Amino acid sequence: MTGPPSTSALDLAADMLGPLASPNASLAPFCTYRVGGPARLLVEARSVGDLDLVHRAVTASGCQTLVVGKGSNLLVADAGFPGIAVHLGPGFEQIDIDHGRSLVTAGGAALLPVVARRTAAAGLTGFEWAVGVPGSIGGAVRMNAGGHGSDMAAALTRVSVFDLVEGGPVDWTVDQLGLGYRRSNIGPGHIVVSADLALEPGDTERSNAEIAEIVRWRRSHQPGGQNAGSVFANPPGDSAGRLIDSLGLKGFRIGTAEVSTKHANFVQADPDGSADDIHALIREVRLRVAAASGIELSVENRLIGFETEEGTQ
Ligand SMILES: Cc1cc2nc3c(=O)[nH]c(=O)nc-3n(C[C@H](O)[C@H](O)[C@H](O)COP(=O)(O)OP(=O)(O)OC[C@H]3O[C@@H](n4cnc5c(N)ncnc54)[C@H](O)[C@@H]3O)c2cc1C
């Protein structure tokens, strides 16, 4: 469905979801930028049964959907999201480790740093890189998150996906996921419920040392505070941060949003800042990089609810 849903569609969805849906709920607390407007309806799903209810409401009403993970790659417009936002609750945070097969099954809401530390403690190696990525397993599958020479694609073997339009859940193979650089075939109506990761037998002490080094590197190279990691994907053979820095844009500000003075590919939001300021800053930086270098940067942050989402992959 395109455009805002009619009030009657939202009313129908609200009626069908009952107390499961909170009306006009701010998404700012769910996003690491800590800014942005409300979802017309917000559901915190406790179980696959709850997802089934959302599926029925979506099918009957035609409302559009947004899956919100840990919000560490999301920028929601100040006007908000005009549909049903779904957030996986604690029931989807489980992490099961099969030591014999070095296989991990993690829920869609499990935090990457927790999975990284738990698997290292269990004597498995291959997921240490994820300790510095503050997202969920589901968001990381959708984005094929990665860093420090690895990514989700290196370990994923199977993903359980609930389709909010078709129902589910259904197992997807790695081929079906179509993983590429910060992309996958997971779409706006798909919810990653759990994922299997094939790791290798390792050595806890060595993995912990690697984790400590990654944490140290992140603290010295990346800012804390209200941001959503790299705003732009790196263009082939270059770095978005280098291109932005070369134009002297560290510290460049529009309203309540500023290009980080520590890392030029991060944007910092002020406390009580505005998502629309961040969006304006992203557009301006993108225009300036294109004018100076001819390179049209792709926006890695997921932009939700803006009239123009140009540059989004
Ligand atoms: C300080 C910092 C450092 C970062 N470093 C890195 C890095 O090194 N490498 C990297 O790749 N990223 C990095 N990121 C970005 C971000 O953490 C990743 O993209 C992460 O995978 C997003 O997960 P999330 O749960 O926060 O997803 P969200 O931001 O909530 O959502 C991102 C996308 O995934 C979708 N989504 C979320 N959950 C699900 C689900 N269960 N099922 C289906 N779709 C879902 C959303 O609809 C949206 O399209 C960083 C972010 C920060 C703030």
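The rules behind these values
Residues numbered from 1 in each chain as written. Predicted model: local features only at pLDDT ≥ 70, side-chain atom pairs only at ≥ 80, totals over all residues. Axes fitted to C-alpha atoms, helices over the stretch in contact; angles between N-to-C directions. Helix = DSSP H or I, 4+ residues; strand = E, 2+ residues; numbered from the N terminus. Parallel < 35°, antiparallel > 145°, perpendicular 65-115°, else oblique. Left-handed = near helix turned anticlockwise from the far one by under 90°. Contact = placed C-beta atoms within 7 Å. Nonpolar A, V, L, I, M, F, W, Y, C, P; charged D, E, K, R; others polar. Near = placed C-beta within 6 Å. Pairing = 2+ DSSP bridges. Domains from an automatic or database assignment. Expected span 1.5 Å × (residues − 1). Buried ≥ 20, exposed ≤ 12 C-beta atoms within 10 Å, placed from the backbone.

1. Let's talk about the packing of helix α1 (residues 7–17) against helix α2 (residues 48–61)
At a minimum axis distance of 9 Å, the contact between α1 and α2 shows a crossing angle of 155 degrees. Accordingly, the angle class assigned to the pair α1 and α2 is roughly antiparallel. Between α1 and α2 the crossing geometry is right-handed. On the side of α1, the interface is formed by Ala 9, Leu 12, Ala 13, Met 16 and Leu 17, while α2 contributes Leu 53, Val 54, Arg 56, Ala 57, Ala 60 and Ser 61. For the contact of α1 with α2, a count of residues per class yields 9 nonpolar, 1 polar and 1 charged.

2. Side note on the site of the ligand
Neighbouring the ligand are 34 residues, the closest being Gly 69, Gly 135, Gly 138, Gly 139 and Gly 229. Looking at the shell around the ligand, the elements that each hand over two or more residues are β3 (65–68), α4 (137–143), β9 (146–147) and β13 (190–198). Residue contributions to the shell around the ligand peak at 5 residues, all from α4. Tallied by class, residues from the shell around the ligand come to 14 nonpolar, 17 polar and 3 charged.

3. With respect to the sheet that holds strand β16 (residues 257–259)
Across the sheet, which stays open at both edges, the 3 strands sit in the order β15-β16-β17 with antiparallel pairing between neighbours. The open sheet is flanked by β15 (253–254) and β17 (267–269), the only strands paired with a single partner. Inspection of the sheet shows β16 paired to β17 by 3 bridges, in the antiparallel sense. Its bridge partner lying in β17, Glu 258 is registered against Gln 268. Seen against the sheet, helix α8 (residues 275–293) touches β15, β16 and β17 and runs at an angle of roughly 35 degrees to β16.

4. Focus: the domain arrangement of the protein chain
We note that the domain assignment places domain 1 (7–88), domain 2 (92–220) and domain 3 (227–304) within the protein chain. Each of domain 1 and domain 2 has a C-alpha centre, and these two points are 24 Å apart. Taken together, the contact pairs 17 residues of domain 1 with 19 residues of domain 2. Among the elements of the structure, α2, β3 and β5 (81–88) are those that each provide at least two residues to the side of domain 1 that touches domain 2. Sort the elements by how many residues they give to the side of domain 1 that touches domain 2 and α2 lands first, with 7 residues. By residue class, the composition of the side of domain 1 that touches domain 2 is 8 nonpolar, 7 polar and 2 charged.

5. Quick look at α2
Here α2 contains 14 residues, and its C-alpha end-to-end distance of 20 Å stays within 8% of the 20 Å for a straight helix at 1.5 Å per residue. Taken together, the buried positions of α2 are occupied by Leu 51, Val 54, His 55, Ala 57, Val 58 and Ser 61. Backbone geometry just downstream of α2 places Gly 62 in the positive-phi region, at approximately 75 degrees.

6. Observations concerning the sheet that holds strand β11 (residues 156–163)
Read from one edge to the other, the open sheet built from 5 strands follows the order β6-β7-β13-β11-β12, with strand pairing classed as antiparallel. Two strands lie at the open edges of the sheet, namely β6 (95–98) and β12 (167–173), each paired on one side alone. This sheet shows a mean twist of 15 degrees between the axes of neighbouring strands, independent of strand direction. Both β11 and β13 contribute to a ladder of 7 bridges, which runs antiparallel. By the bridge assignment for β13, Ser 160 is matched with Ser 194. Contacting β11, β12 and β13, α2 runs over the sheet at an angle of about 110 degrees to β12.

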